[in-house]
Amino acid sequence: MKTDLPQSFRRLEYRPPVYTFDQVELDIALDPARTIVKSRIEVLPGKSFEPGSPLILVGHELEFVSLRINGEAYRHFKLTPETLTIHSLPKEGKEKFVVEIICVCVPERNTSLMGLYVSNGNFFTQCEAEGFRKITYFLDRPDVMARYRVILRAREVECPVLLSNGNLLNTERLPNGWHSATWEDPFPKPSYLFALVAGKLECIEETITTSSGAKKLLQIWVEPHDLKKTRHAMDSLIASIHWDERRFGLELDLERLMIVAVSDFNMGAMENKGLNIFNTKFVLAQPETATDADFANIESVVAHEYFHNWTGNRVTCQDWFQLSLKEGLTVFRDQEFSADQMGSESGRAVKRIEDVRLLRQLQFPEDAGPMAHPIRPDEYQEINNFYTVTVYEKGSEVVRMYQTLLGKEGFRKGMDLYFKRHDGQAVTCDDFLMAMADANSKDLTQFTNWYSQAGTPRVKVQEHYDPTTKQYQLTLTQSCAPRPGQPEKKPFHFPLKMRLLTRANDQQEQLLELTQASQTWTFDNIAERPVLSINRNFSAPIQLDFEQSEADLLTLFSNDDDAFNRWEAGQKFAMQMILNGRLPDAQLIQAYRNLLLDPALDPAFKALALMLPAESYLYEQCKSVDPQKIFTARRAFRRELANQLQLEWTALYQQMQTPGPFKANGVDAGKRALKNLVLSMLLEASPAVWTPMATHQYEIADNMTDRYAALSALVVHGSRAAQDCLIDFYNRFANDALVIDKWFGLQSSRPPVDGLESTLLEVKKLREHAAFKLNNPNRVHSVIHAFCLNNPASFHQSDGGGYEFWADSVLALDPINPQVAARLARALDRWRLFAQPYQDCMKAALERVSACQTLSPDVREVIGKAFGS
Ligand code: B3K
Ligand code: ZN
């Protein structure tokens, strides 16, 4: 049979496993060219078992050596490139039997970074979602949970350190310079949580006491020269452990918890049981080499992986369609943790604003494009394509809505019941919803629509105030555009926080629950026309259609007691002006001035309030996008702001200095954020005066935040001084891969500057640079992804040059690393939204990629869907 159509997996086709595994023993002899994997698996009938069923194991790119059943060589099996099917099983498979398999894999040739691979001479694994099948034949699905005992063998000089999940049972010297370590994980786990690490690594360690009084060993393993950069990650880990005890009553269940850093890694980090593996980017930090943003990201990723120990590992997913069960929930938990770490209400608001900015910049476009999917998708071709901002960030918003609807205590009750019911199980999003509903005796049936419907819902706001009756009426009407495969939508259940702002200040915040297509609320005894503050703290992940007058927006921007909505009003005002090609007028400038001068506001909040909406978010407000027009309007708006507020900038640049030794805390970080935003405004307004100042800041900075910000401002403004500083920067940090990534990224992200050559030309040169490597995801991201996904005005050239570069890059990356290529392939998702000539140029580039006969399933799915809607 000819099957040209890519294979799709469907949620509703889920069947429980025919067989399941009890005890698994792995004996792995590590060799970069030929790793021998011996497995011994105790097999039992599973929920879908029928006598005589064959046992179908999956394997990928493995060399099969031998099979034994119950200790005997066995020949009733069939091998295909992806499966090992064992039939005629003893006793028709009704009783426990033991399968022993020997197979071989080749880590040094594995550039996909899934399964077992080599990085800088050390061995690492990545098994989520389906990487374990690249190590041995297995039931590689999350609903098969087994207990693992692992023997690792390697040459001692090359691999002095041998790590796997759980507890270390013993180590042994072996003949010929080999040695071994035996690890046992007491907790049953799915194969995606398996991990091993071996090589020349060193660690810092701490012993802590958890809430029950137990002592736990924490270790962070890195290459020896990076040891001095691990303190912040360790502090973040300890803080996360204590936070989870306090907030959710969840304690670390392991005797030892290890974090390992690796420089070749497809994503941020991975929560393998007891052995979290991290991209170096999310572990290593020192003030001289990492920015405040890096410090904050490390804190949140360390927390995220730690929190998975309960939400993901102890309770895992039945199948990959349920991914948001663990990811949405764990993102919510890490967001709450980071907010709590900020230490103040305004700090919390800053964190909330950052999270919402990200959602709008990345997730809203995804939800409106050809890859749109509900947080629990119904269909996928390649699961790796579904580790998306929708599953993660919108998933987190959905979890946040439970907390808004049920209150913090109600949410905690739901979490407690979830663990009481499902500890040790592989479950579904429905199970989570039922735990929340049952613990609070609340009917959440309608809430399931958040799991099944894609697209950002819109809520239209209509208000009417009657001065004679003193009544205020609010009508909210919801809608959600059709998405691929979902022509009609059922109404969502929204928690909408709102408050009527009056001069008498006599109205409280309220929570409205919008469940119908349209609903009206009447408020009595409102002495005069109020100003509506709605969707406070972004209580629901929606787009509001609300034609609020500029006067009302200004009132909110100046006075709203909800810090999020205060920020929001400024964004909305600026957005409307930019989209209409207007410059900030005197009243808006005055409002910005007041905000900048308000001593009660956090510097970090001010910095966010002065940041204009991202271009990608502006695109989503248009019917047909002219990227150059939007770029020009946004830049003009910013220039005007820069010019009009020069006096304030100059004063702030001084006031926001943080003298004395560098401190990575939130207060100082906020000051640096504002100071550096101000520096770039000053460079815009009077380059002659401020170029030397920026260069000076670059030179004397004792920390990466200030050094990088000054360099970035010089590069973005096309200052002559930028070139010398770039050379200096490279030479200073030539041995620090993560800093060199910044050097590349900075140049690839430069927006167009009049009189300078295009960033595209620069990026092509960077691709030829001796330090550029196509097989290192961080480096590729810093050059190619930064340009194609994060530099819209340079990427969207009217001659289509950016798209040509994109197509070349996708085709070059795909054979090396399909996941990295597929992520890049997403850069043209929204092609139909663009005006001509952009749209036709994008289509031509997509067609060129699509014509390649050997695309990976990852890229094939993304390109196929781009044409599909
Ligand atoms: N669970 C991992 C992501 C795995 C991605 C596989 N392609 C990281 C995380 O979300 O914590
Ligand atoms: Zn996660």
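No experiment lies behind these values; they were computed from the predicted model shown.

### Here we look at the site of ligand 1
Reasoning step 1: With respect to spatial proximity, 15 residues lie near ligand 1, and among them Glu128, Ala269, Glu271, Glu305 and Tyr392 are the closest.
Reasoning step 2: A distance of 2.6 Å separates a nitrogen atom of ligand 1 from a polar atom in the side chain of glutamate 128.
Reasoning step 3: Between ligand 1 and glutamate 271, the relevant distance is 2.8 Å, taken from a nitrogen atom to a side-chain nitrogen or oxygen of the residue.
Reasoning step 4: The fraction of the free accessible surface of ligand 1 (330 Å²) that becomes covered by protein chains is 95%.
Reasoning step 5: Of all the elements in the fold, those that place two or more residues in the shell around ligand 1 are β20 (269-270), α2 (292-308) and α3 (323-342).
Reasoning step 6: When residues in the shell around ligand 1 are grouped by element, the largest group, three residues, is from α2.
Reasoning step 7: Per-class residue counts for the shell around ligand 1 are six nonpolar, four polar and five charged.

### Some points on the packing of aromatic side chains
Reasoning step 1: In the structure shown here, the tally under the stated rule is 47 aromatic pairs.
Reasoning step 2: Taking 5.1 Å as the distance between ring centres and 45° as the angle between the ring planes, the aromatic pair formed by phenylalanine 64 and phenylalanine 77 counts as tilted. With phenylalanine 64 in strand β5 (residues 63-69) and phenylalanine 77 in strand β7 (residues 77-79), this residue pair connects regions lying 13 residues apart in the sequence.
Reasoning step 3: A relative accessible area of 19% means that phenylalanine 64 is categorised as buried.
Reasoning step 4: A relative accessible area of 26% places phenylalanine 77 in the partly exposed class.
Reasoning step 5: Consider the rings of phenylalanine 307 and phenylalanine 337, whose centres lie 5.7 Å apart with planes at 80°: the pair is edge-to-face. With a gap of 30 residues between them, phenylalanine 307 in helix α2 and phenylalanine 337 in helix α3 connect regions that are remote in the sequence.
Reasoning step 6: Phenylalanine 307 gets classed as buried once you look at its relative accessible area, which sits at 0%.

### Description of the domain arrangement of the protein chain
Reasoning step 1: Each domain of the protein chain was delimited in the assignment, giving domain 1 (18-200) and domain 2 (734-869).
Reasoning step 2: Relative to domain 2, the C-alpha centre of domain 1 lies at a distance of 37 Å.
Reasoning step 3: Of the residues lining the interface, four residues belong to domain 1; the matching set on domain 2 comes to six residues.
Reasoning step 4: Looking only at domain 1, the three residues that lose the most surface to domain 2 are Thr111, Ser112 and Leu113, adding up to 84% of its buried area.
Reasoning step 5: Summed over the shared surface of domain 1 and domain 2, the number is zero salt bridges.
Reasoning step 6: In terms of residue class, the side of domain 1 that touches domain 2 is made up of two nonpolar, two polar and no charged.

### With respect to the coordination of the zinc ion (ligand 2)
Reasoning step 1: Note on the zinc ion (ligand 2): its protein donors are His304 (NE2), His308 (NE2) and Glu327 (OE). The metal-donor distances range over 1.9 to 2.0 Å.
Reasoning step 2: Each donor residue of the zinc ion (ligand 2) belongs to the same chain, and together they define the spacing H-x3-H-x18-E. Here histidine 308, found in helix α2, pairs with glutamate 327, found in helix α3; they are 19 residues apart in sequence, far enough to count as distant. Accessibility classification places histidine 308 together with glutamate 327 in one group, the buried group.

### Some thoughts on the packing of helix α4 (residues 345-368) against helix α5 (residues 389-422)
Reasoning step 1: Here α4 crosses α5 at 125°, and the two axes come no closer than 9 Å. In terms of orientation, α4 and α5 fall into the oblique class. Where α4 crosses over α5, the handedness of that crossing is left-handed. Between α4 and α5, the contacting residues are Arg352, Leu358, Leu359, Leu362, Gln363, Glu366 and Asp367 on the first element and Val389, Thr390, Glu393, Lys394, Glu397 and Arg400 on the second.
Reasoning step 2: Taken together, the residues of the contact of α4 with α5 break down into four nonpolar, two polar and seven charged.

### So, unusual backbone geometry
Reasoning step 1: Following glutamate 128, the chain continues to alanine 129 via a peptide bond in cis, the omega torsion being 0°.
Reasoning step 2: For alanine 129, the position within the fold is in the loop between β11 (122-126) and β12 (146-155).
Reasoning step 3: In this chain, glutamine 836 is followed by proline 837 through a cis amide linkage whose omega measures 5°.
Reasoning step 4: Mapped onto the elements of the fold, proline 837 is located in the loop between α24 (818-825) and α25 (838-850).
Reasoning step 5: Even without being a glycine, lysine 470 presents a positive backbone phi close to 60°.
Reasoning step 6: Locating lysine 470 in the fold gives a position in the loop between β25 (458-466) and β26 (471-479).

Analysis parameters
- For every chain, the first residue of the written sequence is number 1, and numbering continues from 1 onward in sequence order.
- Throughout, the order in which chains and ligands are written sets their labels, letters from A for the former and numbers from 1 for the latter.
- Only residues with pLDDT of at least 70 get local features here, since the model is predicted, and only at 80 or more are side-chain atom pairs given and counted; chain-wide, interface and lining totals rely on the full set of residues.
- Side-chain numbers here rest on the full set of heavy atoms in the structure, without hydrogens or water.
- For each residue, the test is whether any non-hydrogen atom lies within 4 Å of the molecule or strand; if one does, the residue is near.
- In protein, a polar contact means a hydrogen-donor-capable atom and an acceptor-capable atom, both N or O and within 3.5 Å, with residues adjacent in sequence counting only if both atoms are side-chain atoms; elsewhere, any N or O pair within 3.5 Å suffices.
- Here, Shrake-Rupley sampling with a 1.4 Å probe gives the accessible areas, and only protein chains in the shown set may cover a residue.
- Each helix corresponds to a stretch of at least 4 residues labelled H or I by DSSP, and each strand to a stretch of at least 2 residues labelled E; elements are numbered beginning at the N terminus.
- Note that Gly is not counted as nonpolar here; it falls among the polar residues with everything else outside the nonpolar set of Ala, Val, Leu, Ile, Met, Phe, Trp, Tyr, Cys and Pro and the charged set of Asp, Glu, Lys and Arg.
- Here a pair means two rings of Phe, Tyr or Trp (six-membered ring of Trp) with centres within 6.5 Å. Their orientation is stacked below 30 degrees between planes, edge-to-face above 60, and tilted elsewhere.
- Burial status follows relative accessibility: with a 1.4 Å probe on protein chains alone, a residue under 20% of its type maximum counts as buried, one over 50% as exposed, and anything between as partly exposed.
- Residue ranges assigned to the domains are those given by an automatic or database domain assignment.
- By definition in these notes, contact holds between two residues if any of their heavy atoms fall within 4.5 Å.
- We define buried area as the total accessible area lost by two parts upon association, computed with a 1.4 Å probe and summed across both.
- In what follows, salt bridge is the name for a side-chain nitrogen of Lys or Arg lying within 4 Å of a carboxyl oxygen of Asp or Glu.
- Counted as donors are the N, O and S atoms within 2.8 Å of the metal, or 3.2 Å for Na, K and Ca, while water is not among the atoms, so some sites may look incomplete.
- Each axis is a line fitted through C-alpha atoms, and for a helix only the stretch in contact is used; angles between axes span 0 to 180 degrees, taken between their N-to-C directions.
- Angle categories: roughly parallel below 35 degrees, roughly antiparallel above 145, roughly perpendicular from 65 to 115, and oblique for all the rest.
- Helix crossings fall into two classes, left-handed where the near helix is turned counterclockwise from the far one by less than a right angle and right-handed where it is turned clockwise.

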